[in-house]
Amino acid sequence: MVPNAKSSGFKGFGEKQRAVKYEALEIEVKEEIIKSKFIVEGMCCSAEEGLVGTMLDALPGVKKTELCATTRVVLVWHDSNQITTSKLLEKLNDMKMEAHLARVDKGKANFLNHLPPWNVILSCILAAVATGGWAFEPLKWVAIGAVVAGSPQLLLKAWAGLKNKIVGIHLLILVATVGAIAIGEVIDAGILLAIFGISEWLESKTLQTARNSLETVMALRPEDADVLGSGRKPVEDVHVGDVVAIRPGDKIPVDGKVVKGRSLVNESSLTGEAKNVPKSLGSPVFAGTINTGSYLEVETTKESSDSTVAKLAELIEQASMQRSSMEKLVESIARYYTPLIMLLALLVAIIPTAMASSASERKKWLLLSCNLLVAGCPCALVLATPATVIAGIAAAANNGCLVKGGQYLESLGSLKQLALDKTGTLTEGKYKVSGISTVHGNTEEDLLYWLASVESQSSHPIAWAITSHSKERGIGLSSSVTDYETLAGEGILARVDGHLVSVGNMKLAKKEQWVSDSRLKAEYLSWEEQGYTACWVGVDGSAIGVFAVADIVRAGTSDLLLKLKKYGVKAVMLTGDNEGAAMNVASVIGLPADCVRASLSPKDKLFCISELWTEASSHSRWYEFWKAKGKVGMVGDGVNDGPALAAADVGIAMGAAGTPVAMETADIVLFSENLAKLTDTIVLAKLCRRKILENISVAVCIKVAIIVLTLMHKIGLLIVVLSDVVGALIVI
């Protein structure tokens, strides 16, 4: 509020009417949304994940949160004007969550870093001393000290869970501890908290391996660059057009193109292939790769935040936050399982105890109730899936493959049908012109002029072959190419120098009635029978000739098909090319004729994916757990095969280094064109799925056995606690 400039004299506080008037100033404070990343060491399972998420979501200014208990990572998008990063960190540590900023360097690890927290060590020492109470009774009271030392974090987390209506493992352990003390089993109570503290620490250290493997990939992003004329500066301050000096052995800091020098670059950080790639004037280079040869100068073509390695790191971080369907299923079961166990323990503590005829019998039932509370902790079951998924995503990334989430790793591991595009996947996509035939009055140079001018607007491998062939023959391109259009399943057209030029397959030729030229038709069919890719060319509605190009089968294709067959995956070729060319490639790689679909439009490919899905899903579908047996995958270039990639359960783009479209559209991105990488990724996914099933089976068997033995009064609290720790460590 401010005084109006026109106000006159001051008349005193007691008067109802004042000469001074006020006007309201409307101040608009714009939101400043930032993302903060925390490592929360105390977030051990999905229950605590829910606890932390509920607490953060309730804070003013918090817009979105993503959490992953497996990697202990918490991402928070918040308005820094309402709540700062340091305030968020303070809130997390108020819950005794041992949080710190992800970007903070905690320094070199020393001996103390490898030890449990001091209170856990003290609790273990006091619990060990208290066991002497079995021989000398007064010593048992030392266990109270073990409980006191081990309970602060437990109390805080249990209370925070109750405030947010979450029944978690900490509440179960707390109730069991209080119950054990109440019935006189003080030693068991001390041992329970000591072992529980150690188990949480062991889980944290074990899961840190998975987090470290992800952080290795994230660390590929360079931190600074030597900019010509400006000196060394952070990569965030390097902009498009800046020229960067890169010396032998340096990590390339930006995506760009070579403007000076020749060298060899190790791109294994992206492609997973440990080989040097030659770079010369105009060659593209990528951030995070290593210059192993000589001095280079590189012109920046992308901002650091848009570089291939930055996108890779960002997508891997997002992938680690996602849940697979199996993980969601297990967590949903655990969400209801824990309260049910608590209810069962409560009933055991009330009904049989009330009916007991002696104090010893009542104590027996109360002890059973405490044992059930501990036996009900679902740690092993909840950790059975995420630890394996995170390790699988990290292993794939280190092998040059981006898996965008656990659900895609799971789908790939459940693959039954795999559709593969021919051009650029099964073949190298490096076409060469094999033949040209023209109608009377037109020369090959004429045809190539019209053809190359149109193809200069296309990104298809055939277009590259045509334009390269024309350049070799000294034929220039038109400077006036307009109205370019793709004819789905038929070809392309454009206006060149005002003339309508069409290029396409037999479907287009029949539609335009070009097939009446028997000589051109015979030439076209002859090339198709030989396995070439043949096309018609027409100008202003009249055919002027046909041409043929040939492709080379990619090395390792036959091995890929053999591996797929070994793992029970049926391979099917989907191509827009003619049947002759498709069958020729199929015969070379050993693919049966009934697994070839040729002359397909993008719409036809979608229909084929639907057919494959129906076939793959025709087996037993009794439970969601087993539905994953019938997954369909599609392998393509990530651009031209976009609809089919999206329709498949898992879309795989090959050779996508530096291709933003492929990184955005595909579910799995291979940065190398080496088919062995595709095989490795499929095998890895299947191993991960098998490991997940094994983990779940082990966790369930251990839990069922412990609960049964507990109900039969065959085991005590110590064995129950140890079984939970051992089960969790086995599945991790």
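Look above for the structure.
Quick summary incoming for the structure in this document. Computed from a prediction, not measured in an experiment: that's the story for all the values here. (Residues numbered from 1 in each chain as written. Predicted model: local features only at pLDDT ≥ 70, side-chain atom pairs only at ≥ 80, totals over all residues. Heavy atoms only, no water.)

Here we take up the packing of aromatic side chains. With the rule as written, the count across this model stands at three aromatic pairs. Taking the centre distance of 5.5 Å and the plane angle of 70° together, the rings of Tyr449 and Trp450 count as edge-to-face. A network of ring pairs unites the aromatic residues Trp514, Tyr524 and Trp536 as a single cluster. (Phe/Tyr/Trp six-rings, centres within 6.5 Å; stacked < 30°, edge-to-face > 60°.)

As paired strands, strand E4 (residues 62–68) and strand E5 (residues 73–79) are joined by six bridges and run antiparallel to one another. What sits directly across from Cys68, in E5, is Val73. The hairpin turn running from E4 into E5, its antiparallel successor, is four residues long, and Arg72 in that turn takes a positive phi close to 65°. (Pairing = 2+ DSSP bridges. Helix = DSSP H or I, 4+ residues; strand = E, 2+ residues; numbered from the N terminus.)

Neither face of strand E27 (residues 650–653) is exposed, since Val650 and Ile652 on one face and Gly651 and Ala653 on the opposite face are all buried. Sheet analysis places E27 next to strand E28 (residues 668–670), joined by two bridges and oriented parallel. If you follow Ile652 over to E28, its bridge partner there is Ile668. (Buried < 20%, exposed > 50% of the residue type's maximum accessible area, 1.4 Å probe, protein only.)

Another aspect to go through is unusual backbone geometry. Even without being glycine, Gln513 reaches a positive phi, approximately 65°. Its place among the elements puts Gln513 in the loop between helix H18 (506–512) and helix H19 (518–529). Its relative accessible area of 64% is what places Gln513 among the exposed residues. Even without being a glycine, Asp540 presents a positive backbone phi close to 55°. On the accessibility criterion, Asp540 (44% relative accessible area) is partly exposed.

Taken in spatial order, the four strands line up as E4-E5-E3-E6 in an open sheet, and their pairing is antiparallel. Whereas interior strands pair on both sides, the edge strands pair on one side only; in this sheet they are E4 and strand E6 (99–101). Strand after strand, the sheet turns through a mean of 25° between neighbouring axes, direction not considered. Note: strand E3 (residues 33–40) against E5, seven bridges, orientation antiparallel. Within E5, the residue paired with Ser36 across the bridge is Val76. (Axes fitted to C-alpha atoms, helices over the stretch in contact; angles between N-to-C directions.)

Ranked by size, the top nonpolar core spans 39 residues in total, and within it Ile173, Leu192 and Val374 carry the most contacts. Secondary-structure elements contributing two or more residues to this core are helix H4 (142–150), helix H5 (152–163), helix H6 (169–182), helix H7 (186–218), helix H10 (325–355), helix H11 (359–375), helix H26 (675–711) and helix H27 (717–731). The greatest single-element share of this core, amounting to eight residues, is contributed by H7. Once residues within four sequence positions are removed from consideration, Leu192 is found in contact with Ile173, Ala176, Thr177, Val374, Leu717 and Val721. (Core = buried A, V, L, I, M, F, W, Y, C linked by side-chain atoms within 4.5 Å. Contact = heavy atoms within 4.5 Å.)

The next point concerns the side chain of Asp667. Counting through the fold element by element, Asp667 comes out in the loop between helix H25 (660–665) and E28. Lys404 is the oppositely charged side chain nearest to the buried, salt-bridge-free Asp667, at an N-O distance of 6.2 Å. Within the structure, the side chain of Asp667 is placed 2.8 Å from the backbone nitrogen of Gly651, a separation counted as a polar contact. The contact partners of Asp667, leaving out residues within four places of it in the chain, are Leu402, Val403, Lys404, Tyr408, Leu645, Asp649, Val650 and Gly651. (Lys, Arg positive; Asp, Glu negative; His and termini not counted. Salt bridge = Lys/Arg side-chain N within 4 Å of Asp/Glu carboxyl O. Polar contact = N/O pair within 3.5 Å; in protein donor to acceptor, adjacent residues only side chain to side chain.)

With that settled, consider the sheet that holds strand E19 (residues 481–487). Spatially, the six strands line up as an open sheet ordered E18-E23-E22-E21-E20-E19, and their pairing is antiparallel. Strands at the two margins of the open sheet, each flanked by one partner only, are strand E18 (432–438) and E19. Across the sheet, the mean angle separating the axes of adjacent strands is 20° when strand polarity is ignored. In this structure, E18 lies alongside strand E23 (residues 542–550), joined through six bridges in antiparallel fashion. Pairing of Lys432 across the sheet is with Ala550, part of E23. Here helix H16 (residues 444–455) sits on the sheet in contact with E18, E19, strand E20 (491–496), strand E21 (499–504), strand E22 (533–539) and E23, set at roughly 100° to E20.

Turning next to the packing of helix H20 (residues 557–566) against H26. In the contact formed by H20 and H26, the axes pass within 9 Å of each other and the chain directions differ by 15°. Looking at the two axes, H20 sits roughly parallel to H26. In this structure, H20 meets H26 at a crossing whose hand is left-handed. Facing Thr557, Leu560, Lys563 and Leu564 of H20, the residues of H26 in contact are Leu675, Leu678, Thr679 and Ile682. (Parallel < 35°, antiparallel > 145°, perpendicular 65-115°, else oblique. Left-handed = near helix turned anticlockwise from the far one by under 90°.)

Okay, the pattern of salt bridges next. Scanning all chains against the criterion turns up 16 salt bridges. Note that Lys260 is salt-bridged to Glu297, the shortest N-O span being 4.0 Å. Of this pair, Lys260 sits in strand E10 (residues 256–260) while Glu297 sits in strand E15 (residues 296–300), placing them 37 residues apart in sequence. Using a relative accessible area of 13% as the deciding quantity, one classes Glu297 as buried. With its nearest N and O atoms 3.3 Å apart, the salt bridge here joins Asp421 to Lys605. With a gap of 184 residues between them, Asp421 in strand E17 (residues 415–421) and Lys605 in helix H22 (residues 602–616) connect regions that are remote in the sequence. Residue Asp421 shares its accessibility class with Lys605, and that shared class is buried. Several salt bridges share partner residues, and in doing so they unite Glu444, Glu445 and Arg473 into one network.

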